[in-house]
Amino acid sequence: MSSSVNNTPLLDFDFSPLTADNSIQSFKSFIAEQSQRLNDSFDPQQRCEPQVYGRAAMIDGVLQAIWQKFCAEHASGISLLAVGGYGRGELHPASDVDILILLKEDDDTPYQEALQSLVTFLWDIGLDIGSSVRSLRDCTREAGKDITVATNLMEARHLAGDECLLAEMQQAIGPEKVWPVKEFFLAKREEQQQRYGRFQNSAYKVEPNLKESPGGLRDIQIIEWVAQRYFDTDGMAGLKLQGFLTGEEYQSLMDAREYLWRVRWALHTLVGRGENRLQFDNQVKLADQFGYEDKNNRPAVEHFMQTYYRTVMLVERVSEMLLQLFNENIVQADEDATPIPINPRYQVVRGYIEATHENIYLERPLALLEIFYLIQQRPEIKGVRANTIRLIRKYRDLIDDKFRNDIRVRSLFMDMLRQPRGITHEFRRMNRYGILARYIPAFRGIVGQMQFDMFHAYTVDEHTLMVLRNLRRVSVPEFEHELPYVSEITKRIPKPELLYLAGIFHDIGKGRGGDHSELGAVDAREFCELHGLSAEDTELVAWLVDSHLLMSMTAQRKDISDPDVVNDFAEKMGTRENLDYLFLLTTADIRGTNPELWNGWRQSLLFELHKLTARALEQGLANKLSETQLIEEAQNHALYLLSKNGFPAERAERIWETHHSEYFLRNTSWEIYWHTQVIANAGKEHLPIVAVKEVFERGGSTVLVYTYDRDYLFGHICACLDQLNLNILDARIHDTTDGMTVCSYVVVEDNGNGVESIERELEIVANMRDALAQDASCPIPVNRHAPRQLKIFNTQTEVSFQQDSRNNRTALTLFSADRPGLLSKVGYVFQKYGIVIQNAKIGTVGERAEDVFFITDKDRNPITDLDLQEQLRQALVTELDPQQNAA
């Protein structure tokens, strides 16, 4: 049997074998064979409507044959309907097959035996069916209570049985009876907004959901549902006939849906289940299936995902336009439609801005930018009318070099960056309409560009707009409570628009090969010069773009308790103004990279570096911060805190006599105060001493261990903390002159918070004491499972050495795949080679561990012997990545 749906020819299906042999095995074999046939006919580079509609047609025939087997005698009063996506005649390999057995009357007694046999048979043949049995009265009642039920029933399609019942049901649940058009539209719009909220209102996260994410298949379905309810029309073609979609828009939306269908079909086939999330491992495989290759310094998977993101951007744009049209025709139908003039080019109708005539952009191209500026100035404007969105899209290519060189355009763009409101919203709108990439040509390359790692949660253009949003947000009084310190610094900035420009350009060089900071700085300098900025302002923006990673790298990879590190950083800043600008850009950048990246620990590092550098600059670069000065300040304040609790200064100083000077540099006065109390109150007969304290300024909790110095202590402690599901952010290990060691670890729970309960503190203390009482030469096995994403990435282990002559130590930088037990293995290698850890900066960047260990030998000398460095490097690679070393 051959057929077509929506004028799409389907594969031929011969259902006669099911008539000749209606056994369970016959049906199972038929479904398996035809499913394989459909999958074999699928080509990722060809349109897939024949497969999507064909699978629904194949299941139709199977269900009709089963109905004939069990329910043929019931010619009236009962009907078999397809509902939901299956009702639309669309099925993917693992889509839900939802059916409704519709009864005319409430009493199902005459059909119970037949229906029980039918449902049992469906299970026996392995067909995963979602079924319900309802009467007409049931359907009317449930549809009135639940819009999801109403929507499913709207899409009902007759398969077998009494054909009249479907028409009766449709009449009973029509907009005249339940969910009038206005209420239906408002409910669906609210449903969409709630769904968007679950995805942080972004279509551009790196593991999107094909179906539910903004711009996904669900958005297309909402358009169809509203159209069906409003026009009583079936599908998108009805919207074109009604004039809501142009022929070009209709075709582009159909192409977008077909592309998403194709990816979904391939995904279902790949994973063997109804999966709609594009997870990292599947992205790589799909990119290969769809024929993408590595090129232009980017892997195939990034090209594949860029096509996806640009597709959902189109869906978002068309959806916005159609929902605005629906709102105007459904919700605002009775409102006054008298235009309110703004200027000769624009007017407002029912709260939406529109062009006064169709030729406005041909006559005055400047108006392509002006519209966003006008929305910024008028908060009462709800959005852009659909006809004007079309015009903007139609004439966006008028933005060329001549347009960009127009002094009026350049002035208008800079004025937009100086507005007190609407910058984030309008730059997002400009990106969605394709205007931002036309005005800043380099921006076009990053639209929809993803970075295939766990560190960057968004596409580059979405991340850029998130950074812009973060820069704006800290300047808004109502959000000052979120980051008071950052908001206070923002008030010191004389020209916020320079900061916004740096935010727009900071990652614009990505994907081109080379250093994206340097490439972006070139673009930024050219843009600023074109827009008439002073030489000083131009250089500041270019410097910010070129240096935008400097502060985070210094805070997270260097020992900022070292005065030399702070003094060197201060020299690079030059002025307090430069420092403040870079601090704000860095904060916004980290917060806009990944929602999980910004935590109390990173905040504390940045804030501390900013404060120390500001102090160094105020003190004068010629009068640098000294180690003696900082130690004296820390000790004096610690003594002050101790004296408030009646702790004698003489007793504290006796304890401190056993500490080396770096101990007082690398711990805050509060930490010195706490450590001193713990050590003083603990007799050596109670060793090891373990204490836990939540330290808000450190962004986590500190685990303090005071015990006899011994081999493998670092690895032993790290393994124990790992087994306790604690993540280590920082480690400081200080030996004393009397053979003891003071180890301080900043940790957070898996949720990113510090230890929050007394019970949990007691658990940590008890487990740590038990573990430390065991033989430290035998590593503690770490049984935590690595997150699934970590297994996808092939992260090579890299080890490098840098001498810290000022502090008589060596900085060992380790890049490796993050995984449970990593630090324990590192500690084991260090112990084997007689390496002593003074300090450790523990960082995780997505799937990659980026750790810095400040080390010496057992005589407190730096590791300068090149042969020893190479042995240590080889040992770490072998321990952490044996396959890499073998290769």
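The present account deals with the structure reproduced in this document. From a predicted model like this one, the values you see are computed outputs, not experimental measurements.

**Regarding the packing of helix α10 (residues 217-231) against helix α12 (residues 247-271)**
- Where α10 contacts α12, the two axes come as close as 10 Å, and the packing angle between them is 135°. By the angle between their axes, α10 is oblique relative to α12. Crossing of α10 against α12: the hand is left-handed. Contacts between α10 and α12 involve Leu217, Ile220, Ile223 and Glu224 on the former and, on the latter, Leu253, Arg257, Leu260, Trp261 and Arg264.
- In the contact of α10 with α12, the residues fall into 6 nonpolar, no polar and 3 charged.

**Description of the state of the cysteines**
- Applying the stated criterion across every chain yields a total of 0 disulfides.
- There is no disulfide at Cys71, and the cysteine sulfur nearest it, in Cys139, is 17 Å away.
- A relative accessible area of 1% places Cys71 in the buried class.

**A look at the sheet that holds strand β8 (residues 346-349)**
- Overall, mixed pairing links the 4 strands, which are arranged β7-β8-β9-β10 in an open sheet. Edge positions in the sheet fall to β7 (340-341) and β10 (383-384), since each of these pairs with one other strand and no more.
- One ladder, built from 2 bridges, connects strand β9 (residues 352-355) with β10; its direction is parallel. Bridge assignment links Tyr352 to a residue of β10, and that residue is Gly383.
- On the sheet, helix α16 (residues 367-377) packs against β8, β9 and β10 and is oriented at approximately 45° with respect to β8.

**Description of the packing of aromatic side chains**
- Taken as a whole and judged by the stated rule, the model has 32 aromatic pairs.
- Here the aromatic rings of Tyr439 and Phe527 are separated by 6.2 Å at their centres, their planes lie at 85°, and the arrangement is edge-to-face. With Tyr439 in helix α21 (residues 435-439) and Phe527 in helix α25 (residues 516-530), this residue pair connects regions lying 88 residues apart in the sequence. Taken individually, Tyr439 and Phe527 each receive the classification buried, so the pair is uniform in this respect.
- Members of the aromatic cluster, connected to one another through ring pairs, are Phe403, Phe413, Phe427, Tyr439, Phe505 and Phe527.
- A cation sits over an aromatic face here: Arg157 above Tyr86, 5.3 Å from the ring centre.
- If you follow Arg229 out to its NZ or CZ, it ends over the ring of Phe184, 5.3 Å from the centre.

**Quick look at the side chain of Thr856**
- Among the structural elements, Thr856 can be located in strand β19 (residues 848-856).
- Setting aside residues up to four positions removed in sequence, Thr856 forms contacts with Asn808, Arg809, Gly834, Ile835, Val836, Gln838, Asn861 and Ile863.

Rules used in this analysis
Residues numbered from 1 in each chain as written. Predicted model: local features only at pLDDT ≥ 70, side-chain atom pairs only at ≥ 80, totals over all residues. Heavy atoms only, no water. Axes fitted to C-alpha atoms, helices over the stretch in contact; angles between N-to-C directions. Helix = DSSP H or I, 4+ residues; strand = E, 2+ residues; numbered from the N terminus. Parallel < 35°, antiparallel > 145°, perpendicular 65-115°, else oblique. Left-handed = near helix turned anticlockwise from the far one by under 90°. Contact = heavy atoms within 4.5 Å. Nonpolar A, V, L, I, M, F, W, Y, C, P; charged D, E, K, R; others polar. Disulfide = S-S within 2.5 Å. Buried < 20%, exposed > 50% of the residue type's maximum accessible area, 1.4 Å probe, protein only. Pairing = 2+ DSSP bridges. Phe/Tyr/Trp six-rings, centres within 6.5 Å; stacked < 30°, edge-to-face > 60°. Lys NZ or Arg CZ within 6 Å of the ring centre and 35° of its normal.

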